[in-house]
Amino acid sequence: MTDLLVAAVKSAVLILLLLTAFAYMTLLERRLLGKFQVRYGPNRVGPFGLLQPLADGVKLLFKESFRPAQVDVIIYLVAPALSMTTALFVYAVIPFGPEISLFGHRVTLYLTDVNVGILLVLAASSIGVYGIILGGWSSNNKYSLLGSLRSSAQLISYELALGLAVIAVVLTAGTLSLVEIVRAQARLPFIVLQPVAFLLFLTAAIAETNRAPFDLPEAEQELVAGYQTEYGGFKFAMFYAGEYIGIVTMSALTTTLFLGGWQGPLLPPLLWFALKTFVFIFFFIWLRATMPRVRHDHLMAFGWKFLVPLGLLNIVVTSVVIILRST
Amino acid sequence: MPETLAARYVRRGTAMLRGLGITFRYLFKPPITILYPEEKRTAVQPRFKGRHWLTLYEDGMERCVGCELCVIVCPSQAISVRAAENSPEHQVSKGERYAEDFQINELRCIFCGFCEEACPTGAIVLGREYELAGYTRESLIYTKPMLTEPYPGASGRDPQREV
């Protein structure tokens, strides 16, 4: 009974935290992009524009719930929800810190420790693709459809590279559980042991989250807004939540897999985790401020002809080294 | 000799890192934009086209002779003029006629400056003021008392100029 209660409280706190993180990521991104472009960015609502996400949220909530003609209503409504829930779901297995003692209870700073944790993460992010495909298909709009097709092609191609990078980490750690992977990095973070996998993972993660320079699914110049063209109001906000939480997820995952998760000297574990995650979030925004969009055939060629062979090579080298060391 | 595959990857990789370096440097530059309502640019360009003025001669006589050329040239039909004859007892301008009523609808005006170009006496000019918002449509139809400069040279133009 207590276990159930603890799990419920932890999930509630987690969801609250993530939604706040999403809201403030939109602000952070806009402010940072402003700074990168030598301007101010939104700074009118509240001090430093800190209430801007709130104003945006209220605005989106009160918008008319518009629906274009001849949409597939149920799928049209389910798609954004799917996109957001799968993004949130991943956090069930990401460890934020070690066990702590709270009100006389041993509380673990993760929701569950699934022994196939990393597989669960990949599965959930793959289901997230459905949100995009269904959203684009049910909208009854050719731009939406084109955007969602591009998106699914891109996600499937880069998920492969992502998976290959993860396999290298799993081989090094000897476990699929994210909690155990963090523990395996107690002495040395995997970024030192697996630099190629790290770069591979980071590149694929950017493509997975549809971020610049791989933001083809929402290339405004060609596709209006891609798969979310026909969405407005709260449904649009849910797609956006899914996208931004996806960025936080990928940052948290990179931290967990390559930077030793919550482990670090002096500072408390939660702070270390937040700090490392923030570095990657900043990197995502920094990259968006720097890189122009790549062409679609270049994107595909880069994924299949460069990242996948590199990932395979990395796995071969890693496996050989591991076998040689064990004999 | 064509560059090798490895050399190409290195070149592209360093190019990307250089790009990141440039944007990172820009992160610490002070913004070149200004916080508009609190801060304002000190001066607009000399040829800026802002609010209209009906200018006066140095002696206080009105330049406008009521020829209505500005009304004819105005592409958005924002100007309305009603002319009246000057008389020796009531000499307003230096010509035969003067503008008894002169209205400009600032909502219609596109600030093209054709009126200024057409005006034979240089009466109508576009000034420097650009904050022309209002709460009602009526308040943005500028009448003759609003358009006439309060004293010669108030609009920023030399009252001694020919045209």
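Residues numbered from 1 in each chain as written. Chains lettered and ligands numbered in written order. Predicted model: local features only at pLDDT ≥ 70, side-chain atom pairs only at ≥ 80, totals over all residues.

**Some details on the overall build of chain B**
- When helices and strands are tallied, chain B shows four helices and five strands.
- Secondary structure elements of chain B, listed N to C terminal, follow the sequence α-β-α-β-β-α-β-β-α.
- Taken along the three principal axes of its C-alpha coordinates, chain B extends 95 × 40 × 35 Å.
- Looking at the 163 residues of chain B, the share that counts as buried comes to 20%. (Helix = DSSP H or I, 4+ residues; strand = E, 2+ residues; numbered from the N terminus. Buried ≥ 20, exposed ≤ 12 C-beta atoms within 10 Å, placed from the backbone.)

**Topic: the nonpolar core**
- A:Ile94, A:Ala165, A:Val169, A:Phe201 and A:Ala204 are the most contacted members of the largest nonpolar core, which has 71 residues in total.
- For this core, the leading source of residues is helix α10 (residues 233-258) of chain A, giving 14 residues.
- Excluding its chain neighbours within four sequence positions, the residues that come into contact with A:Phe201 are A:Leu162, A:Ala165, A:Thr254, A:Leu257 and A:Phe258.
- If you look at the next biggest cluster of nonpolar residues, it comprises 22 residues, including B:Val65, B:Tyr98, B:Ile104 and B:Ile124. (Core = buried A, V, L, I, M, F, W, Y, C linked by C-beta atoms within 7 Å. Contact = placed C-beta atoms within 7 Å.)

**Some points on the sheet that holds strand β5 (residues 141-142) of chain B**
- Taken together, three strands build an open sheet; the order of strands is β2-β3-β5 (chain B) and the sheet is antiparallel. Whereas interior strands pair on both sides, the edge strands pair on one side only; in this sheet they are β2 (79-85) and β5 of chain B. (Pairing = 2+ DSSP bridges.)

**Some points on helix α8 (residues 195-208) of chain A**
Residue and element names in this part refer to chain A.
- In this model, α8 (14 residues) spans 20 Å end to end at C-alpha, consistent with the 20 Å of a helix rising 1.5 Å per residue.
- Burial within α8 is extensive, with 10 of its 14 residues counted as buried.
- Where α8 is concerned, the buried positions are Ala197, Phe198, Leu200, Phe201, Thr203, Ala204, Ala205, Ile206, Ala207 and Glu208.
- If you follow the buried residues of α8, they end up packed against α4 (117-138), α5 (142-173), α7 (190-193), α10, α11 (269-290) and α12 (296-326).
- Once α8 finishes, Asn210 follows within two positions and takes phi at roughly 55°, a positive value. (Expected span 1.5 Å × (residues − 1).)

**Looking at unusual backbone geometry**
- One non-glycine residue, A:Gln70, lies in positive phi territory at about 60°.
- Mapped onto the secondary structure, A:Gln70 falls in the loop between α2 (52-61) and α3 (73-89).
- C-beta crowding within 10 Å serves as the criterion here: with 10 such atoms nearby, A:Gln70 is assigned to the exposed category.
- Its identity as a non-glycine residue notwithstanding, B:Glu68 has a phi of 70°, on the positive side.
- B:Glu68 gets classed as partly exposed once you count the C-beta atoms within 10 Å, which come to 17.

**Comments concerning the environment of A:Arg183**
- Structurally, A:Arg183 is set in helix α6 (residues 178-184).
- When the C-alpha positions of A:Arg183 and A:Ala173 are compared, they lie 8.8 Å apart, and in sequence the two are 10 residues distant.

**Quick notes on the confidence of the model for chain B**
All names here are of chain B.
- Per-residue pLDDT for chain B averages 88, and the proportion of residues at 70 or more is 99%.
- Looking across chain B, the model is least confident in helix α1 (residues 5-27), with a mean pLDDT of 88, and most confident in helix α2 (residues 69-73), with 93.
- Taken over the whole predicted complex, pTM reads 0.78, whereas the ipTM for its chain interfaces reads 0.71. (pLDDT = per-residue confidence, 0-100.)

**A short note on α3(A)**
- Under the 1.5 Å per step criterion, the end-to-end length of α3(A) is 24 Å for 17 residues, consistent within 8% with the ideal 24 Å.
- Along α3(A), the largest kink reaches about 25° and is centred on A:Ala79; proline A:Pro80 follows within four residues of it. (Bend = angle between axes of the 7 residues up to and from the residue.)

**Some details on the packing of helix α1 (residues 2-36) of chain A against α11(A)**
Residue and element names in this part refer to chain A.
- Two numbers describe how α1 lies on α11: the axes approach to 10 Å, and their chain directions differ by 45°. Comparing the axis directions of α1 and α11 gives the class oblique. When the axes of α1 and α11 are compared, the crossing they make is right-handed. Here Met25, Glu29, Leu32, Leu33 and Phe36 of α1 come into contact with α11, specifically with Ile281, Ile285, Arg288 and Ala289.
- When the residues that make up the contact of α1 with α11 are grouped by side-chain class, the tally is seven nonpolar, no polar and two charged. (Axes fitted to C-alpha atoms, helices over the stretch in contact; angles between N-to-C directions. Parallel < 35°, antiparallel > 145°, perpendicular 65-115°, else oblique. Left-handed = near helix turned anticlockwise from the far one by under 90°. Nonpolar A, V, L, I, M, F, W, Y, C, P; charged D, E, K, R; others polar.)

**Some words on the interface of chain B and chain A**
- At the interface, 11 residues of chain B touch eight residues of chain A.
- Here the side of chain B that touches chain A is composed, by residue class, of seven nonpolar, three polar and one charged.

**Some words on the pairing of strand β3 (residues 97-105) of chain B**
Residues and elements named next belong to chain B.
- Where β2 and β3 come together, seven bridges link them in antiparallel fashion. What sits directly across from Ala83, in β3, is Ala99.
- Here two bridges tie β3 to β5, and the two strands are oriented antiparallel to one another. Counterpart to Ile104 in the pairing with β5 is Tyr142.

**Re the environment of A:Leu223**
Residues and elements named next belong to chain A.
- Note on placement: Leu223 falls in helix α9 (residues 220-223).
- Taking the number of C-beta atoms within 10 Å as the measure of exposure, Leu223 has 22 and is therefore buried.
- Between the C-alpha atoms of Leu223 and Thr290, which are 67 residues apart in sequence, the distance is 22 Å.
- In contact with Leu223, not counting residues within four places along its chain, are Tyr143, Leu146, Gly147 and Glu218.

**As for the packing of α4(A) against α5(A)**
All names here are of chain A.
- Closest axis-to-axis distance for the α4/α5 pair is 8 Å, and the angle between their directions is 175°. Looking at the two axes, α4 sits roughly antiparallel to α5. Residue-level inspection shows Ile118, Leu122, Ser126, Val129, Ile132, Ile133, Gly135, Gly136 and Trp137 of α4 in contact with α5, the latter providing Ser144, Leu145, Gly147, Ser148, Ser151, Ser152, Leu155, Glu159, Gly163, Val166 and Val170.
- Its residues assigned to classes, the contact of α4 with α5 comprises 10 nonpolar, nine polar and one charged.

**Regarding the domain arrangement of chain B**
- Taken domain by domain, chain B comprises domain 1 (1-30) and domain 2 (52-147).
- The gap between the C-alpha centroids of domain 1 of chain B and domain 2 of chain B is 59 Å. (Domains from an automatic or database assignment.)

**Some points on the environment of A:Ala168**
Residue and element names in this part refer to chain A.
- Structurally, Ala168 can be placed in helix α5.
- With 117 residues separating them along the chain, Ala168 and Leu51 place their C-alpha atoms 43 Å apart.
- Excluding anything up to four places from it in sequence, Ala168 contacts Gln194, Ala197, Asn314, Ile315 and Thr318.

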